[in-house]
Amino acid sequence: MFYWSVARGLLFVFAFIPCVTVAEPARNEEGWTLASKGANVILYSRSHADSSLKEFKAIGDIEAPTTPVHRVLDDVDSYPAFMPFMAECRIVKREGNSIFTYQRLSPKLCSDRDYTLRIDGKSWPMAGGLAYLNRWQSANESGPPPKKGVLRVTLSEGSWLLEPEGPSKTRATYSVFTDSGGALPAFLANGASEIGIRKLFAAVRKQVKEAKYNQP
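Note that the structure is a prediction, hence the values are computed from the model and not measured. (Residues numbered from 1 in each chain as written. Predicted model: local features only at pLDDT ≥ 70, side-chain atom pairs only at ≥ 80, totals over all residues. Heavy atoms only, no water.)

1. What about the overall build of the chain?
- Looking only at helices and strands, one finds three helices and 10 strands in the chain.
- Seen in sequence order, the chain has helices and strands lined up from the N terminus as β-β-β-α-α-β-β-β-β-β-β-β-α.
- Per-residue burial for the chain yields a buried fraction of 50% across its 216 residues. (Helix = DSSP H or I, 4+ residues; strand = E, 2+ residues; numbered from the N terminus. Buried < 20%, exposed > 50% of the residue type's maximum accessible area, 1.4 Å probe, protein only.)

This is how it looks when you write it as structure tokens:
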């Protein structure tokens, strides 16, 4: 459901669509540093212990209520249809409010990557609608065994937080720290992550316009 890997730290890569404006939040005490500020996404990064790879947090507005946006993120079976490089994606099992999903990426510039994630979800009411939080972490032990010729991603953790900004707009916060392996230098991997996260927001903005996510 998430990720979105042409390089370390890059789980999903998508195409841009028209921009929206977001407000820049104040810098907090958690070590986040402003990495870049665009018209549609504000991106923060911070160092991660014992790794040259960075953890990222992105904040952007999506012109749709939180429930349709959440439906897009939960529609993992459709990922191969609208997420470039997503060659395979399926739900392995469900446990309460958690799902286990296996995903295989087939980037053009490196070998295939795959992983199984456990995604834990919850929601609560706010002014203007429901808020949703999905957190994920690696759960390869619950998925299929490694495949020959496919690099197994062993570290992936992050979250999507969707908060209503009135009845027809979502404030989305995406956080991720991942290492998809390979020999790409960290500075290139970190740069690729910034590009990929922006394109991830673009893909969600585009997909949420589909009628099937906006049914009552």
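This is not the end of the story, as more comes after the structure.
2. Remarks on the nonpolar core
- By size, the foremost hydrophobic cluster in this structure holds 34 residues, and its most contacted members are Trp160, Tyr174, Ile197, Phe201 and Val204.
- Ranked by residues supplied to this core, first place goes to helix H3 (residues 186-207) with four residues.
- Every residue in contact with phenylalanine 201, bar those within four places of it in the chain, is listed here: Val41, Ala58, Ile59, Gly60, Trp160, Ala172 and Tyr174. (Core = buried A, V, L, I, M, F, W, Y, C linked by side-chain atoms within 4.5 Å. Contact = heavy atoms within 4.5 Å.)

3. A word on the pairing of strand E7 (residues 129-138)
- Note that strand E6 (residues 113-126) and E7 share 10 bridges and pair antiparallel. Bridged to proline 125 within E7 is leucine 130.
- Pairing between E7 and strand E9 (residues 155-164): six bridges, direction antiparallel. The residue bridging arginine 135 from the neighbouring strand is serine 159, located in E9. (Pairing = 2+ DSSP bridges.)

4. Details of the confidence of the model for the chain
- This prediction gives the chain a mean pLDDT of 81; 79% of its residues lie at or above 70.
- pLDDT under 50 marks residues 1-28. Its contacts with residues more than four places away, or in other chains, come to 129 contacts. (pLDDT = per-residue confidence, 0-100.)

5. Focus on the packing of aromatic side chains
- The tally for this structure, following the rule as stated, stands at four aromatic pairs.
- An angle of 50 degrees between the planes, with centres 4.8 Å apart, marks the rings of tryptophan 160 and tyrosine 174 as tilted. With tryptophan 160 in strand E9 and tyrosine 174 in strand E10 (residues 170-179), the pair connects residues that are 14 residues apart, well separated along the chain.
- Of the aromatic side chains, those joined through ring pairs into one cluster are Trp136, Trp160, Tyr174 and Phe201.
- Seen from the ring of tyrosine 44, lysine 57 lies directly overhead, with NZ or CZ sitting 5.8 Å from the centre.
- Against the face of phenylalanine 100 rests lysine 93, its NZ or CZ located 4.7 Å from the ring centre. (Phe/Tyr/Trp six-rings, centres within 6.5 Å; stacked < 30°, edge-to-face > 60°. Lys NZ or Arg CZ within 6 Å of the ring centre and 35° of its normal.)

6. Structural notes on the environment of valine 150
- Within the element layout of this structure, valine 150 appears in the loop between E7 and strand E8 (151-152).
- By relative accessible area, valine 150 is classed as buried at 16%.
- Spatially, the C-alpha atom of valine 150 lies 8.4 Å from that of arginine 104, the residues being 46 residues apart in sequence.
- Residues in contact with valine 150, not counting those within four places in the same chain, are Arg104, Asp112, Arg113 and Asp114.

7. Looking at the side chain of serine 175
- With respect to the helices and strands, serine 175 occurs in strand E10.
- Beyond its immediate stretch of four places on either side in the chain, serine 175 contacts Phe56, Lys57, Trp136, Glu157, Gly158 and Ser159.

8. Focus on the pattern of salt bridges
- One pass over the structure, following the stated rule, counts 10 salt bridges.
- The partner of glutamate 55 in a salt bridge is arginine 46, and the shortest N-O contact between them spans 3.0 Å.
- By relative accessible area, which is 23% here, arginine 46 ends up partly exposed.
- Aspartate 112 is the partner of arginine 104 in a salt bridge, and the nearest nitrogen-oxygen pair spans 2.8 Å. Each of the two residues, arginine 104 as well as aspartate 112, counts as buried.
- Within the structure, one salt-bridge network assembled from shared partners comprises Glu88, Arg90, Arg104, Asp112 and Lys147. (Salt bridge = Lys/Arg side-chain N within 4 Å of Asp/Glu carboxyl O.)

9. Notes on the environment of valine 208
- Its location among the elements puts valine 208 in the segment after H3.
- Residue classification places valine 208 among the buried positions, given a relative accessible area of 4%.
- Not counting chain neighbours up to four residues away, the residues in contact with valine 208 comprise Ile62, Ala64, Pro68, Val69, Val72, Tyr213 and Asn214.

10. Digging into the pairing of strand E1 (residues 33-37)
- Pairing geometry for E1 and strand E2 (residues 42-48), over four bridges, is antiparallel. If you follow serine 36 over to E2, its bridge partner there is leucine 43.
- Following E1, the chain reverses through four residues before pairing antiparallel with E2.

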